[in-house]
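A look at the structure
If you want the building blocks of each chain, they are given just below.
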Amino acid sequence: MKSLLILFVFIHSLLAFDYALEPKKVSETTHCFFGLSEVMDERNNGNMSNSCFVNMGTSYLVIDSGPTYSYALQAYEKMKEIKNLPISYVINSHVHDDHWLGNAYYKEIGVKIIGSHAFEDEPKVEKTRMQMRITPEAYAKTTQEFPSIFVENEKILNIDDKKVHIVSVNKKAHTDSDLFVYIPSQKMVFVGDLVFNDRIPSIRDGNLQGWIDTLDEIREMDVEFIIGGHGEIVDRSSVDMTYNYVKTLRERVAALLEDGEGIAETINMVKMEEFKDVNFYDSMHRQNVDIAYRMLEWGE
Ligand SMILES: [Zn+2]
């Protein structure tokens, strides 16, 4: 009997992937699991985006559920070691799958999930991008579970007498489905992938001017903490890298387009070397110039 048990534990350990998650304390009430500054692969198994827990008093509010069922389960286990609280809601900042595939776990334990109305039109795919790039062991039990509560413009939750404003950006910025979550009592705003502070952002699904305008609004907010979807900077300076990058990219490409430069010349000319030490510069920047040129050529 004992050997059977050992065998079971052994087989189970082969099947489960241990993300070795460690929550980092952001404030008295808030912990985040900060993802690695990498692309999703079979080593990190999607642990490359942020998932945060805010202790609202008698429950946790979770912002972004992470890349898989098992990631979400392991994150919540870690948080229960800090304080064993139920979860009131999970909020998904946008439709990119590294931020919401953990919904599968939270749905199973009966948590309500809130997201942008853009999820209503989002197709379920045969295989997610995450699923194609990570191991089947890490992806086990992960199913595509969309939010069941949608935010059109703004939704205000009252949790333990504290207001939580979930604001839909309602224009294309990082994607056409970005939300930010503002908690006035904590002087904190969660902005999803409107802010990357550890890597060059991907602009593929976005709009440059919409993104700049949205970050201008966020920079005006009366908050101490601005927490993005990637990167560990959580004070007001967390916005700077993305803001400067997107703004400079737009200005330089627009100026060359105005001068009648072609796309190939523009890609060669807009080097923006001040960003060359930022992660993903080599793999992402030229592609971003290409995308920016095409966007601006068509009037964004
Ligand atoms: Zn994203």
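Refer to the preceding data block for the structure.
Residues numbered from 1 in each chain as written. Predicted model: local features only at pLDDT ≥ 70, side-chain atom pairs only at ≥ 80, totals over all residues. Heavy atoms only, no water.

What follows deals with the environment of serine 238. For serine 238, the position within the fold is in the loop between β12 (225-230) and α7 (240-258). C-alpha of serine 238 to C-alpha of glutamate 217: the two residues are 21 residues apart in sequence and 14 Å apart in space. With sequence-adjacent residues up to four places away left out, serine 238 is seen in contact with Val195, Phe196, Asn197, Ile226 and Ile233. (Helix = DSSP H or I, 4+ residues; strand = E, 2+ residues; numbered from the N terminus. Contact = heavy atoms within 4.5 Å.)

Turning our attention to empty space enclosed by the protein. Tallied over the entire structure, the rule returns one cavity of 30 Å³ or more. The calculated volume of the largest cavity comes to roughly 50 Å³. Forming the boundary of the largest cavity are Asn50, Ser51, Cys52, Ile63, Asp64, Phe190, Val191, Gly192, Ile227, Gly228 and Gly229. Counting residues per element, the ones that place at least two in the lining of the largest cavity are β3 (51-55), β11 (188-196) and β12. Of the residues belonging to the lining of the largest cavity, the class tally is five nonpolar, five polar and one charged. (1 Å grid on protein atoms, 1.4 Å probe; cavity = no way out; pocket = protein on both sides within 12 Å on 5 of 7 lines; lining within 4 Å. Points joined across faces, edges and corners; volume = space filled by probe spheres on them. Nonpolar A, V, L, I, M, F, W, Y, C, P; charged D, E, K, R; others polar.)

Right, let's get into the coordination of the zinc ion. Six octahedral donors around a metal ideally sit at 90 or 180 degrees from one another, while four tetrahedral donors ideally sit at 109.5 degrees. Bound to the zinc ion are the protein donor atoms His94 (NE2), His96 (ND1), His174 (NE2) and Asp193 (OD), situated 2.1 to 2.3 Å from the metal. Angles of 87 to 166 degrees at the metal separate the four donor atoms of the zinc ion, which places the site in the irregular class. All donors to the zinc ion come from one chain, and their sequence spacing reads H-x1-H-x77-H-x18-D. With histidine 94 in the loop between β5 (87-91) and α3 (103-108) and aspartate 193 in strand β11, the pair connects residues that are 99 residues apart, well separated along the chain. Using a relative accessible area of 1% as the deciding quantity, one classes histidine 94 as buried. (Donors = N, O, S within 2.8 Å, 3.2 Å for Na, K, Ca; no water. Tetrahedral: all angles 85-135°; square planar, octahedral: opposite > 155°, others 65-115°. Buried < 20%, exposed > 50% of the residue type's maximum accessible area, 1.4 Å probe, protein only.)

What follows concerns the pattern of salt bridges. Going through the model one piece at a time under the given rule, you end up with 13 salt bridges. Lysine 107 is paired through a salt bridge with glutamate 145; the nearest N and O atoms lie 3.1 Å apart. With lysine 107 in helix α3 and glutamate 145 in the loop between α5 (136-139) and β7 (149-151), this residue pair connects regions lying 38 residues apart in the sequence. Between arginine 199 and aspartate 198 there is a salt bridge, with its nearest N and O atoms 3.0 Å apart. Judged by its relative accessible area of 3%, arginine 199 falls in the buried class. Aspartate 198 sits in the buried class, given a relative accessible area of 16%. When salt bridges with common partners are traced through the structure, they connect Asp97, Asp98 and Arg129 into a single cluster. (Salt bridge = Lys/Arg side-chain N within 4 Å of Asp/Glu carboxyl O.)

This paragraph deals with the sheet that holds strand β6 (residues 112-116). With respect to topology, seven strands assemble into an open sheet ordered β1-β2-β3-β4-β5-β6-β7, the strand pairing being mixed. Looking at strand neighbours, the two that pair on one side only are β1 (24-25) and β7, the edges of this open sheet. As paired elements, β5 and β6 share three bridges and run parallel to each other. Bridged to valine 90 within β6 is isoleucine 113. Sheet strands touched by helix α2 (residues 69-82): β2 (30-33), β3, β4 (60-63) and β5. Its angle to β2, the strand with the most contacts, is close to 145 degrees. (Pairing = 2+ DSSP bridges. Axes fitted to C-alpha atoms, helices over the stretch in contact; angles between N-to-C directions.)

Our next topic: the state of the cysteines. Applying the stated criterion across every chain yields a total of one disulfide. Cysteine 32 shares a disulfide with cysteine 52; S-S distance 2.1 Å. Judged by the sign of its S-S torsion, about 105 degrees, the bond between cysteine 32 and cysteine 52 is right-handed. Placement of cysteine 32 in strand β2 and of cysteine 52 in strand β3 is noted, with a sequence separation of 20 residues between them. Accessibility expressed as a relative area gives 0% for cysteine 32, which makes it buried. (Disulfide = S-S within 2.5 Å.)

Attention now moves to the nonpolar core. Among the nonpolar cores identified, the biggest contains 40 residues, and Phe180, Leu194, Ile218 and Leu249 are the most heavily contacted of them. For this core, the secondary structure elements donating two or more residues are β11, α6 (208-219), α7 and α9 (281-297). Core analysis: the second largest hydrophobic core is formed by 31 residues, Leu21, Tyr69, Ile87 and Val95 among them. (Core = buried A, V, L, I, M, F, W, Y, C linked by side-chain atoms within 4.5 Å.)

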